[in-house]
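# Close look at the chain arrangement
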Amino acid sequence: MIRKFSFGAFAGLTGLVLVAGITGANAQTAASAAILVRFDANHDNVITRAEMDAGLKADFEAADTNHDGKLTGAEILAENRLRLQRDGAQAAPVRDWNGDGSVDLSEFSNAAHAYFTTLDTKNAGELRVADLRDPSLIRAYKPPALESPAADPNYNPAETVP
């Protein structure tokens, strides 16, 4: 049996990665929360859903270079490069989730909306930057224990990848 680690599964855990110094302080913030901090438009250390939505709309309009209301090909590639450069390991790539060949504002905003909804446990429609530093949001990733291949009754050394 071939045992492989899925990079996609690891990438899905980016919300558990630690990021230091998001707002200049030395506090640690969960990576998924750190993505939201940049939407604090009025710098009051509270990110409202309205601020996030306005920021996402502005980002989408900037990425939609031909102003047709959707991102395709080169626009998607450029946005993903920007996100990777800006957000590093916690970057959430733009994806065509509905398979129609383009990315609309809803698809563009999926990751940020999911993060916000997950972290807004009180359904207040706002997130305080201080709350995003709550130790319960920060968890060290520990990969699952790998069992010994010899313990697997279906293990065949001839099938393993070198």
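Higher on the page you've got the structure.
Cut-offs applied
- Residues numbered from 1 in each chain as written.
- Predicted model: local features only at pLDDT ≥ 70, side-chain atom pairs only at ≥ 80, totals over all residues.
- Heavy atoms only, no water.
- Helix = DSSP H or I, 4+ residues; strand = E, 2+ residues; numbered from the N terminus.
- Buried < 20%, exposed > 50% of the residue type's maximum accessible area, 1.4 Å probe, protein only.
- 1 Å grid on protein atoms, 1.4 Å probe; cavity = no way out; pocket = protein on both sides within 12 Å on 5 of 7 lines; lining within 4 Å.
- Points joined across faces, edges and corners; volume = space filled by probe spheres on them.
- Nonpolar A, V, L, I, M, F, W, Y, C, P; charged D, E, K, R; others polar.
- Core = buried A, V, L, I, M, F, W, Y, C linked by side-chain atoms within 4.5 Å.
- Expected span 1.5 Å × (residues − 1).
- Bend = angle between axes of the 7 residues up to and from the residue.
- Polar contact = N/O pair within 3.5 Å; in protein donor to acceptor, adjacent residues only side chain to side chain.
- Contact = heavy atoms within 4.5 Å.

## Some details on the environment of H67
With respect to the element layout, H67 can be found in the loop between helix 3 (49-63) and helix 4 (73-87). Using a relative accessible area of 65% as the deciding quantity, one classes H67 as exposed.

## Some points on empty space enclosed by the protein
The tally for this structure, following the rule as stated, stands at one cavity of 30 Å³ or more. Size it by volume and the largest cavity reaches roughly 120 Å³. Around the largest cavity, the lining is made up of 13 residues, and of these I35, L56, R83, R86 and A112 lie nearest the centre. For the lining of the largest cavity, the elements supplying multiple residues, two or more each, are helix 3, helix 4 and helix 5 (105-119). Residue composition of the lining of the largest cavity, grouped by class: seven nonpolar, no polar and six charged.

## Some words on the nonpolar core
By size, the foremost hydrophobic cluster in this structure holds 16 residues, and its most contacted members are L36, F39, M52 and L132. At the level of secondary structure, the elements contributing two or more residues to this core comprise helix 2 (31-37), helix 3 and helix 5. Formed by seven residues, the second largest nonpolar core is a distinct cluster that contains A63, V94, V103 and F108.

## Topic: helix 5
Taking 1.5 Å as the rise per residue, helix 5 with 15 residues should run 21 Å; its terminal C-alpha atoms sit 21 Å apart, in good agreement. Of all the bends in helix 5, the largest measures some 45 degrees and sits at A111. Those residues of helix 5 that fall on the buried side of the exposure criterion are E107, F108, S109, A112, Y115, F116 and L119.

## Brief notes about the side chain of E75
Within the fold, E75 resides in helix 4. A polar contact of 3.2 Å, which involves the side chain of E75, links it to the backbone nitrogen of N66. Each residue touching E75, except ones within four places of it in the same chain, is listed here: A63, D64, T65, N66 and K70.

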